[in-house]
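Observations on chain architecture
So you can see what is in the structure, the chains are spelled out below.
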Amino acid sequence: MKKTYIFTPRNWDKNEFFFVRTAREDYYRPMLQMDDHISNSYDNDRPGYDFISMLSKEPVAVGTVCETTCEFSGTAAPLIVFTDDIRALENGDLEYGEHFEVVIYKNGCNVWDIPLVDGKAVSRNLIRCKFPVEENKKVVIRVEFLENLIKITADGTPVEVPCDHFPKGKFYVGITACEGICKFYDFTVDAK
């Protein structure tokens, strides 16, 4: 089943998503709704940019394809995230266990495996692909989930990443805004 979320007012329902925090942060804030996109913001209370992550509540399987149209500037790093490891905390917040990130930024595309080690998120780089990505312009990240492999198109550049410990059964996919202002215009999930 294919579902496209258009992030304009009244065209998507935040209740169709889990909002998940990283073990690196002890807070959660929602995305800001703008006229034609959603975005994170700068946080004056703890100086830095908000890390905001949301996952579609519908689990998917190998064979799923998802993509997002996004925009960034400076150090920002919009990304597609996927996991089969979400934990409920005592306060009701959801937190990532091991998860994977497909990141686009001004110098290319990175893919990260981020497990929890002794309760702390540890980033392991699976691949770094260097190529220029223009800031302040809409770009598309597309990810196809295959068994032990993900196929990525990041701003038109193809990237393949083998990994033998990607989720094997059902898992969740979504988007994350971090390291600067990230704007998301849409998110499509062609679920298997």
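Our structure's up above, just so we're on the same page.
The text that follows walks through the structure, step by step, so that each part is easy to find.

Thoughts on empty space enclosed by the protein
Tallying each qualifying case throughout the model produces one cavity of 30 Å³ or more. Considering only enclosed or pocket space, the largest cavity measures out at about 40 Å³ in volume. Along the walls of the largest cavity sit Val62, Phe82, Phe145, Leu146, Ile150, Phe166, Pro167 and Phe171, which together make up its complete lining. Class assignment of the residues belonging to the lining of the largest cavity gives a composition of eight nonpolar, no polar and no charged.

Section: the packing of aromatic side chains
For the structure shown, the criterion picks out 12 aromatic pairs. Both rings, one in phenylalanine 82 and one in phenylalanine 100, keep their centres 5.1 Å apart while their planes meet at 15°; by these two values the pair is stacked. Residue phenylalanine 82 is found in strand E9 (residues 79–83), and its partner phenylalanine 100 is found in strand E12 (residues 99–105); the two are separated by 18 residues along the sequence. Both residues of the pair, phenylalanine 82 and phenylalanine 100, belong to the buried class. Ring-pair connections join several aromatic residues into one group, and the members of that group are Tyr5, Phe7, Trp12, Phe17 and Phe187. A cation sits over an aromatic face here: lysine 138 above tyrosine 185, 4.2 Å from the ring centre.

Points about the nonpolar core
Core analysis: the biggest nonpolar cluster contains 43 residues, and Phe7, Ile150 and Ile152 have the highest contact counts within it. Each residue touching isoleucine 150, except ones within four places of it in the same chain, is listed here: Phe82, Val102, Val111, Val143, Glu144, Phe145, Val159, Glu160, Val161 and Phe166. By size, the runner-up hydrophobic cluster in this structure holds 12 residues, among which are Ala77, Leu79, Trp112 and Ala121.

So, the environment of arginine 87
Here arginine 87 lies in strand E10 (residues 86–88). Arginine 87 sits in the partly exposed class, given a relative accessible area of 37%. Note: C-alpha distance between arginine 87 and valine 20 (67 residues apart in sequence) is 9.0 Å. In this view, arginine 87 contacts Asp93, Leu94, Glu95, Gly97 and Leu116; residues no more than four positions away in its chain are not counted. At 3.0 Å, the side chain of arginine 87 forms a polar contact with the side chain of aspartate 85.

Concerning the sheet that holds strand E16 (residues 124–130)
Strand order in the open sheet formed by nine strands is E10-E11-E2-E7-E20-E9-E12-E13-E16, with mixed pairing between adjacent strands. Because the sheet does not close on itself, it has two edges, and the strands there are E10 and E16. Sheet twist, expressed as the mean angle between neighbouring strand axes with direction ignored, is 30°. As defined by bridge partners, E12 adjoins strand E13 (residues 108–114) across seven bridges and the pair is classed as antiparallel. Across the sheet, residue glutamate 101 finds its bridge partner in E13, namely tryptophan 112.

About the criteria used
- Residues numbered from 1 in each chain as written.
- Predicted model: local features only at pLDDT ≥ 70, side-chain atom pairs only at ≥ 80, totals over all residues.
- Heavy atoms only, no water.
- 1 Å grid on protein atoms, 1.4 Å probe; cavity = no way out; pocket = protein on both sides within 12 Å on 5 of 7 lines; lining within 4 Å.
- Points joined across faces, edges and corners; volume = space filled by probe spheres on them.
- Nonpolar A, V, L, I, M, F, W, Y, C, P; charged D, E, K, R; others polar.
- Phe/Tyr/Trp six-rings, centres within 6.5 Å; stacked < 30°, edge-to-face > 60°.
- Helix = DSSP H or I, 4+ residues; strand = E, 2+ residues; numbered from the N terminus.
- Buried < 20%, exposed > 50% of the residue type's maximum accessible area, 1.4 Å probe, protein only.
- Lys NZ or Arg CZ within 6 Å of the ring centre and 35° of its normal.
- Core = buried A, V, L, I, M, F, W, Y, C linked by side-chain atoms within 4.5 Å.
- Contact = heavy atoms within 4.5 Å.
- Polar contact = N/O pair within 3.5 Å; in protein donor to acceptor, adjacent residues only side chain to side chain.
- Pairing = 2+ DSSP bridges.
- Axes fitted to C-alpha atoms, helices over the stretch in contact; angles between N-to-C directions.

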